[in-house]
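Remarks on the overall topology
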Amino acid sequence: MIERITEWSGRNPFLICILTFFGVALGFYSLRHTALDAIPDLSDVQVIVYTDWEGRSPDLVEDQITYPISSRFISAPKVKFVRGESMFGKSFVYVIFEDGTDIYWARSRVIEYLNAVRGTLPEGVNPTIGPDATGVGWVYQYALVDESGQNSLAQIRSFQDWTLRYALSSVKGVAEVASVGGFVKQYQINVDPHKLIAYNLSISDIIDAVRKSNSDVGGKTFEVSTTEYYIRGRGYIHSLADIEKIVLKTDPQGNPILIQQVATVGLGPDLRYGVSDFDGRGETVGGIIIMRYGENALKVIEGIKKKFHDLEPSLPPGLKIVPVYDRSQLIEKSIHTLREKLIEECVIVSLVCIVFLWHFRSSLVAILMLPVAILLSFIPFQGLHLTSNIMSLGGIAIAIGAMIDAAIIMIENAHKYLEHAREKNGGKDITGEQRVDVILVAAKSVGRPLFFSLLVITVSFIPVFALEEQSGRLFKPLAYTKTF
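Below is a short write-up of the structure. Everything numeric here is computed off the predicted structure, so don't read it as measured data.

Helix and strand content of the protein chain: 14 helices and 16 strands. For 484 residues, the compact-globule estimate of 2.2 N^0.38 gives 23 Å, and the protein chain exceeds it by more than 25% at 34 Å. Its C-alpha atoms give the protein chain principal-axis dimensions of roughly 130 × 60 × 55 Å. Sequence separation of at least 24 residues holds for 73% of the intrachain contacts in the protein chain that already meet a minimum separation of 6. When the accessible surface of the protein chain is split by element, carbon and sulfur atoms take 60% of a total near 28,400 Å². Across the protein chain, the 47 positively charged side chains and the 52 negatively charged ones have centroids separated by 5 Å.

Rendered as structure tokens:
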């Protein structure tokens, strides 16, 4: 069969060139649409369920939130195991699914089972699922630096939370933008317990009064001189003075008791569990950008940089965005290394062919074969939705050596057959028709051994596909590209 394929290919060069052209075009398209990343994704298929229950101790959170949620997910389909973690006022449940499970199918199952367990949780507790990202989704990090001193940490954090974070979330492929550092501004009511006792009030009375006073309500309409007016009750809180004037209740004489009579109202920071430092210069505010599952990391980072460029004129005075971590540098260096090694291989093989065979056109065989073979390998690679990373590019580098050896052997064998053909022809050059026949005979004589020698090398990588979990996710990209 190999001899027949070789014979047909040699007799139909025009069709082979057309097929090669379309194959290279499809390979180039696949290469352009293959997701690029620096490292393979070793994380499990997992969905994180986060629950916030402020002010409760870890043991109470464990008993009333973490345990009910964890025990519910044990019976979910394709779940390998469930991990729970309880902290002060917070609960995390990690639902780990079997390898190969579609992440969005897993998220829909988690939401389905989560709806069934909500009724057993304490009142006011609302579990949420984490972003559709993986453990290696952390692709970019930046710091908001103000060397002029015009903006406080609270102001910078407010800009990050209410402006910059939403703008970056609109970039295609971004799953989440997490804020770090600074102070989260709060309207704080500091209650005097002695005054509460004097007015016979409780903390719950203040909470209910503030909640009820911070809302707009609608009413009916009334008509005056053929004009219809809508009645609205404006109740949203806009300042500290609005909070101070909230009525808690009335005394026996009918006088209103206001919040400012039992508490002081002011602005302050939320409780912090850590700080963010930039190059030892002091505290700063920053953001961590998490990429969505299966996205092209390089394109996501390019979109982030473009968004930063668009937002630069609207930044507060004195504030600038400084990149802290940029994975695109590692991705570009990986691609540069492959390109460099490919060029080195082509140059070395060309020199070998020119020096030992003294024939420039023979070197073109190897020079053209390498990029064509690499482009063709990306067709099934992209079809399987694999990611181009350090390991998969390493598989291409390994395969280049074997392909070059086969090309050199076939070229050298063709020259030997042509040399013998000239000797039989009395030292005279043979015709073009005879040259094709001789080259086909030479190719068929080594075609089978070369095919099976490369097949043996390919078969040696088959055990890699039997690897599971993290080892499989690490080495399978290399085995795929090497085989393709």
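To continue, consider the sheet that holds strand E7 (residues 174–181). Spatially, E7-E14-E6-E15 is the arrangement adopted by the four strands of the open sheet, whose pairing is antiparallel. Each having just a single partner strand, E7 and strand E15 (319–326) make up the two edges of the open sheet. The average undirected angle you get between the axes of adjacent strands in this sheet is 25°. Sheet topology note: the E7/strand E14 (residues 285–291) ladder contains seven bridges and is antiparallel.

With that out of the way, let us pick up the sheet that holds strand E5 (residues 128–129). With antiparallel pairing, the four strands of this open sheet are ordered in space as E3-E4-E2-E5. Here the strands that pair on one side only, and so sit at the sheet edges, are strand E3 (79–87) and E5. Looking at chain direction, E3 and strand E4 (residues 90–97) are connected through eight bridges and run antiparallel. Paired with Arg-83 across the bridge in E4 is Tyr-94. Those strands touched by helix H3 (residues 58–73) are strand E2 (45–52), E3 and E4, and its axis lies near 170° from that of E3.

Turning to the environment of Leu-375, a few remarks are in order. Mapped onto the elements, Leu-375 comes out in helix H11 (residues 360–383). Leu-375 sits in the buried class, given a relative accessible area of 16%. For Leu-375 and Lys-333, which are 42 residues apart along the polypeptide, the C-alpha to C-alpha distance reads 20 Å. Here Leu-375 is in contact with Val-24, Gly-27, Phe-28 and Leu-31, once residues within four sequence places are set aside.

Looking at the secondary structure, you find Thr-101 in the loop between E4 and helix H4 (103–117). Engagement of the side chain of Thr-101 in a polar contact is seen with the backbone oxygen of Glu-98, the distance being 2.7 Å. In contact with Thr-101, not counting residues within four places along its chain, are Val-45, Lys-78 and Ala-106.

Let's shift gears to the nonpolar core. Nonpolar side chains in soluble globular proteins generally cluster together in the buried interior. By size, the foremost hydrophobic cluster in this structure holds 27 residues, and its most contacted members are Tyr-140, Tyr-142, Leu-144, Leu-164, Leu-168, Ile-289 and Ile-304. Contributing elements (two or more residues each) for this core: strand E6 (138–146), helix H5 (153–169), E7, E14 and helix H9 (297–311). The element contributing the most residues to this core is H9, with seven residues. Counting residues in each nonpolar core, the second largest holds 21 residues, with Val-45, Ile-65, Phe-97 and Ile-103 among its members.

Turning our attention to a nonpolar patch on the surface. Together, Trp-8, Phe-14, Leu-15, Ile-18, Leu-19, Phe-21 and Phe-22 give the surface a local cluster of nonpolar side chains, amounting to about 790 Å² of exposed area. No other element matches the six residues that helix H2 (residues 13–32) contributes to the nonpolar patch. Looking at the element boundaries, Ile-18 is found in helix H2.

This brings us to the pattern of salt bridges. Applying the stated criterion across every chain, the model contains 20 salt bridges. Asp-37 is the salt-bridge partner of Arg-327, the closest N and O atoms lying 2.8 Å from each other. Placement of the pair is Arg-327 in the loop between E15 and helix H10 (328–357) and Asp-37 in the loop between strand E1 (35–36) and E2, with a sequence separation of 290 residues. Given the relative accessible area of 4%, Arg-327 is considered buried. The partner of Lys-306 in a salt bridge is Asp-310, and the shortest N-O contact between them spans 3.5 Å. Here Asp-310 and Lys-306 lie together in helix H9, a separation of four residues that amounts to about one turn. Judged by relative accessible area, which is 55%, Lys-306 ranks as exposed.

Let us look at the packing of aromatic side chains. Summed over the entire model, instances satisfying the criterion amount to 12 aromatic pairs. With 5.6 Å between their ring centres and 20° between their planes, Phe-222 and Tyr-229 make a pair best called stacked. Take Phe-222: its relative accessible area is 42%, and that puts it in the partly exposed class. With centroids separated by 5.8 Å and ring planes inclined at 80°, the aromatic side chains of Phe-378 and Phe-381 adopt a geometry described as edge-to-face. Taken together, the positions of Phe-378 and Phe-381, both in helix H11 and three residues apart, correspond to about one turn of that helix. Per residue, the accessibility class of Phe-378 equals that of Phe-381, and both read buried. Aromatic rings pair up to connect Tyr-50, Phe-92 and Tyr-94 into one cluster.

A few words on the packing of helix H12 (residues 390–424) against helix H14 (residues 469–483). One way to put it is that H12 packs onto H14 with a least axis distance of 7 Å and a crossing angle of 35°. For H12 against H14, the interelement crossing comes out right-handed. In contact with Met-391, Ser-392, Gly-394, Gly-395, Ile-396, Ile-398 and Ala-399 of H12, H14 contributes Leu-474, Phe-475, Pro-477, Leu-478, Thr-481 and Lys-482. In terms of residue class, the contact of H12 with H14 is made up of eight nonpolar, four polar and one charged.

Separated by 2.6 Å, the side chain of Arg-327 and the backbone oxygen of Val-136 make a polar contact. Within the local environment of Arg-327, its side chain forms a polar contact with the backbone oxygen of Trp-138, the two atoms lying 2.8 Å apart. Other than its neighbours up to four places away in sequence, Arg-327 contacts Asp-37, Ala-38, Val-136, Gly-137, Trp-138, Val-139 and Ile-301.

Definitions and limits used
- Counting restarts for each chain, with residues numbered from 1 along the sequence as it is written.
- Only residues with pLDDT of 70 or above have their local features reported here, since the model is predicted, and side-chain atom pairs are shown and tallied only from 80 upward, although totals for entire chains, interfaces and linings are computed over all residues.
- The basis for every side-chain value is the complete set of heavy atoms in the structure, and neither hydrogens nor water enter the calculation.
- Only DSSP runs of H or I reaching four residues or more are called helices, and only runs of E reaching two or more are called strands; each is numbered from the N terminus.
- This radius of gyration counts C-alpha atoms alone. The globule rule is 2.2 Å times how many residues there are, raised to the power 0.38.
- Throughout, a residue-residue contact means that at least one pair of heavy atoms, one from each residue, lies within 4.5 Å.
- All accessibility values rest on the Shrake-Rupley procedure with a 1.4 Å probe; residue burial counts only the protein chains present in the view.
- In this count, Lys and Arg are taken as positive residues and Asp and Glu as negative ones, while His and the chain termini are left out.
- To locate a charge, take atom NZ for lysine, CZ for arginine, CG for aspartate or CD for glutamate.
- Two strands are said to pair when DSSP picks up at least two bridges between them.
- Whenever a helix is involved, its axis is fitted only over the stretch in contact; in every case the axis is a line through C-alpha atoms, and angles between N-to-C directions fall within 0 to 180 degrees.
- Whether a residue is buried, partly exposed or exposed follows from its accessible area with a 1.4 Å probe, protein chains only, as a fraction of its type maximum: under 20%, in between, or over 50%, in that order.
- A 3.5 Å cut-off defines polar contacts: any pair of N or O atoms within that distance qualifies, except that in protein one atom must be a possible hydrogen donor and the other a possible acceptor, and neighbouring residues in sequence count only when both atoms are side-chain atoms.
- As used here, the term nonpolar core means buried Ala, Val, Leu, Ile, Met, Phe, Trp, Tyr and Cys residues forming a set that is joined through side-chain atoms within 4.5 Å.
- Patch definition: residues above 30% relative accessible area lacking any salt bridge, with like charges linked at up to 9 Å and the nonpolar side chains Val, Leu, Ile, Met, Phe, Trp and Tyr linked at up to 5 Å.
- Any Lys or Arg side-chain nitrogen found within 4 Å of a carboxyl oxygen on Asp or Glu counts as a salt bridge.
- Only rings of Phe, Tyr and Trp enter the pairing, Trp through its six-membered ring, and a pair is recorded when the two centres are within 6.5 Å. The plane angle decides the type: under 30 degrees is stacked, over 60 is edge-to-face, the rest tilted.
- Each crossing is labelled by how the near helix is turned from the far one, with a counterclockwise turn of less than a right angle marking it left-handed and a clockwise turn marking it right-handed.
- Note on residue categories: nonpolar means Ala, Val, Leu, Ile, Met, Phe, Trp, Tyr, Cys or Pro, charged means Asp, Glu, Lys or Arg, and polar means any other residue, Gly included.

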